[in-house]
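Survey of secondary and tertiary structure
Residues per chain, in single letters:
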Amino acid sequence: MKKALITGINGQDGSYLSELLLKKGYEVHGILKRNSIAENQTARIQHIYPQIKNNLYHADVTDMSSLLSTINRAQPDEIYNLAAQSHVKISFNQPIYTVDSIARGTLNLLEVIRLTNSKAKIYQASSSEMFGNSVDADGFQRETTLMNPISPYACSKLFAYNLINCYRESYGMFASNGILFNHESPRRGINFVTNKVVIGAVKIKKGLQQDLVLGNLDSTRDWGHAKDYVKVMWQMLQLDKPDDFVCATGVSHSVRELCIYVFNSLGMNYEDYVKQDSKFFRPAELHDLKGCTNKLQSAIDLKFEYTFEQMIDEMVKYWMEKF
């Protein structure tokens, strides 16, 4: 039985990845960052909690000693580093903590693996935000596109990305970067724009709120489903050699198009309810993201279960039943 350790196991990606690995017969271990409201810590993994409860550790990637203790106890074959302060807008308000949780957290993990001579394969959650506003001539971003980050979050992710490459080349570690574009689901944090739009529209439909206030409606993103993307994480660690791969759908939509689709699906016109407020704009706006997966498709059998529309339909259905 293979053992996997997931940092940030109680996040959106961690929960879907745990489900996948359990189905594949793994012994799943996970790191939880302690929360003073204990009942909220495992909300996303409550349905699989009986299967993993004895393999959950209170630790923090910014605390190297807790990582050392956890890895010594878990003895994982694979490590998926998903822990991070993951909200771009918040990274402008909390840049030091963002850098600590992403950049220094990744360095701590790599050093623990190096110092303990662990042979664990490492997956690093990199981000399309690292590209900033760099786009190739064909409108896509790929592994060779210039990386020019424009937020503390993206800068931290790029630092961690380079660390993975450095330790892979310097110490022969099996360490791979997944350059994942935006991926969503009903489990996405409610302060991210997809769930913010869906929840707002559902509440308006049910008479629970009057309008929805957003920032830039014209920025575009390449949105996929987290359930599809965690499968790619696993597939990357099953390859013979570590490498860096873009994971995306290759199709982008604007926030405005997202609003149109969600509100239309509920029989409403978004223009009657959506308002813009500059306080929700980023200090530096990232305009367009759209990923090219040619390299990934040449390495794995890349098949996505969800289209953009199916993903949003699932989210709308979930929140309509929730409220």
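Just above, that's the structure.
Along each chain, numbering runs from 1 in the same order as the chain's sequence is written. Since the coordinates come from a predicted model, pLDDT governs what is reported: local features require at least 70, and pairs of side-chain atoms require 80 or more to be given and counted, while whole-chain, interface and lining totals use all residues. With hydrogens and water excluded, all non-hydrogen atoms of the structure serve as input to the side-chain values.

1. Observations concerning the pairing of strand S1 (residues 3-7)
Buried means the residue's accessible area, taken with a 1.4 Å probe over protein chains only, is under 20% of the maximum for its type, while exposed means over 50%, and partly exposed covers the values in between. Each helix is a run of H or I in the DSSP string that is no shorter than four residues. Each strand is a run of E no shorter than two, and both are numbered from the N terminus. Along S1, four of the five residues are buried, which leaves the element largely enclosed by surrounding structure. Examined bridge by bridge, S1 and strand S2 (residues 27-32) share five bridges and lie parallel to one another. For Thr 7, the partnering residue across the bridge sits in S2 and is Ile 31. Remark: the S1/helix H1 (residues 12-23)/S2 crossover connection has right-handed handedness. Here S1 pairs with strand S4 (residues 78-81) via four bridges, running parallel. Residue pairing in the sheet places Thr 7 in a bridge with Asn 81 of S4. Pairing between strands requires that DSSP locate at least two bridges from one strand to the other. Orient the strands so they point away from the viewer, and a crossover whose first-strand-to-second-strand path over the helix runs clockwise is right-handed.

2. Section: the packing of helix H7 (residues 193-205) against helix H9 (residues 255-265)
Whenever a helix is involved, its axis is fitted only over the stretch in contact; in every case the axis is a line through C-alpha atoms, and angles between N-to-C directions fall within 0 to 180 degrees. Packing of H7 against H9 brings their axes to within 10 Å, and their N-to-C directions diverge by 35 degrees. In terms of crossing hand, the pair formed by H7 and H9 is right-handed. Of H9, the residues touching H7 (which contributes Val 193, Thr 194, Val 197, Val 198, Ala 201 and Ile 204) are Val 255, Leu 258, Cys 259, Val 262 and Phe 263. Definitions for this section: a left-handed crossing has its near helix turned counterclockwise from the far helix by less than a right angle. A right-handed crossing has that turn clockwise. Should any heavy atoms of two residues lie within 4.5 Å, those residues are considered in contact.

3. Some remarks on the pattern of salt bridges
Two side chains bearing opposite charge may form a pair once their charged atoms approach each other closely. Counted as salt bridges are all cases of a side-chain nitrogen of Lys or Arg within 4 Å of a carboxyl oxygen of Asp or Glu. According to the stated counting rule, one finds 13 salt bridges in the structure shown. As a salt-bridge pair, Asp 138 and Arg 142 come within 2.8 Å of each other at their nearest N and O atoms. Judged by relative accessible area, which is 43%, Asp 138 ranks as partly exposed. Taking the shortest distance from any N to any O, the salt bridge between Lys 295 and Asp 243 comes out at 3.0 Å. Placement of Lys 295 in helix H10 (residues 294-299) and of Asp 243 in the loop between helix H8 (226-237) and strand S11 (244-247) is noted, with a sequence separation of 52 residues between them.

4. Overview of the packing of aromatic side chains
Stacked, edge-to-face and tilted labels apply to pairs of Phe, Tyr and Trp rings (six-membered ring for Trp) whose centres lie within 6.5 Å, assigned for plane angles under 30 degrees, over 60, and everything in between, in that order. This model, assessed by the stated rule, comprises nine aromatic pairs. Ring-pair connections join several aromatic residues into one group, and the members of that group are Trp 223, Tyr 261 and Phe 308. We note Arg 187 situated over the ring of Tyr 16; from NZ or CZ to the ring centre the distance is 3.9 Å. Throughout this description, the term charge over a ring refers to an Arg CZ or Lys NZ atom that lies within 6 Å of the ring centre and within 35 degrees of the ring normal. In this structure, Arg 188 packs its charged tip against the face of Phe 192, placed 3.7 Å from the ring centre.

5. Describing the environment of Arg 221
With respect to the secondary-structure elements, Arg 221 resides in strand S9 (residues 220-221). Along the primary structure Arg 221 and Asp 138 are separated by 83 residues, whereas in three dimensions their C-alpha atoms are 16 Å apart. With sequence-adjacent residues up to four places away left out, Arg 221 is seen in contact with Glu 129, Asn 182, Val 251, Ser 252, His 253, Arg 282, Leu 286, His 287, Asp 288 and Leu 289. Within polar-contact distance, the side chain of Arg 221 engages the backbone oxygen of Leu 286 at 3.1 Å. The term polar contact refers here to a pair of N or O atoms within 3.5 Å; inside protein, the definition further demands a hydrogen-donor-capable atom paired with an acceptor-capable atom, and it admits residues adjacent in sequence only when both atoms are side-chain atoms.

6. Regarding the side chain of Gln 124
Examined against the element boundaries, Gln 124 turns out to sit in strand S5 (residues 121-127). By relative accessible area, Gln 124 is classed as buried at 2%. A polar contact of 2.8 Å, which involves the side chain of Gln 124, links it to the side chain of Asn 81.

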